[in-house]
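# Structural overview for review
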Amino acid sequence: MSFKEFLAENGIDYFVIEVPEEFVPEIALLNEGKWVDSGKKDYMQRVDAENPSIKQRRHVHIAKSKHINNKNMQASWNDDGTKHDKKTFNSKIGSISTVQDIARQALGLKNDFKLEEAAKAPNLLLQLNEALDIGVTPVLFIAKLA
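Let us look at the structure shown here. Note that the structure is predicted; figures quoted are calculated from it, not measured. (Residues numbered from 1 in each chain as written. Predicted model: local features only at pLDDT ≥ 70, side-chain atom pairs only at ≥ 80, totals over all residues. Heavy atoms only, no water.)

## A word on the overall build of the protein
What counts is decided by this rule: Secondary structure is summarised from DSSP: a helix means a run of H or I of at least four residues, a strand means a run of E of at least two, and numbering begins at the N terminus for each. With a 1.4 Å probe rolled over the protein chains alone, any residue whose accessible area is under 20% of its type maximum counts as buried; one over 50% counts as exposed, and the rest are partly exposed. In what follows, residue pairs with any heavy atoms lying within 4.5 Å of each other are defined as contacts. To be clear on the numbers: accessible area is Shrake-Rupley with a 1.4 Å probe, and residue cover counts the displayed protein chains and nothing else.
Within the protein, the secondary structure is distributed over 4 helices and 4 strands. In sequence order, the protein lays out its α and β elements as α-β-β-β-β-α-α-α. Considering the protein as a whole, with its 146 residues, one finds that 27% of them fall into the buried category. A separation threshold of at least 6 residues defines the contact pool for the protein, and within that pool the share at least 24 residues apart is 30%. Split by element, the accessible area of the protein, about 11,300 Å² in all, is 54% carbon and sulfur.

So this is what it looks like as structure tokens:
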């Protein structure tokens, strides 16, 4: 039976062709849900798929190779730029430009896309500069506990 005849058979809705991984270009491999090298020294990334049933967006986790099993040593962002694991998001790691670049690349975001944690400090400076431009003097209050 030819392949064309096989497809014409009743009850054949789909077929599966198994291709050994070594014949598939790396760019075509789906790595979602697996820690993989980010291409940046010592950093790993894991992209997890969207899961609408639990209102989970597609997101990326980034960590040093030695910290992939420690959620408190990771930064993670959703595909809309918001922090993913807010309770365990490591702000120190999230502020590193290399980590932000990895996240943007993994999620297919533009190079100048503002990620949530990374956007806070520059926005604060911008607000201060704008306040000075209109003649307002910003005041910083520090509370001291007695």
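## Concerning a nonpolar patch on the surface
For clarity, the cut-off: Think of a patch as exposed residues, more than 30% relative accessible area, with no salt bridge, where like charges cluster within 9 Å and nonpolar side chains (Val, Leu, Ile, Met, Phe, Trp, Tyr) cluster within 5 Å. By definition here, a salt bridge exists when the distance from a side-chain nitrogen of Lys or Arg to a carboxyl oxygen of Asp or Glu is within 4 Å.
A surface patch of nonpolar side chains, about 920 Å² in accessible area, is lined by Met1, Phe3, Phe6, Leu7, Ile12, Phe15, Ile17, Val19 and Phe23. Tracing the sequence through the fold places methionine 1 in the segment before α1 (3–8).

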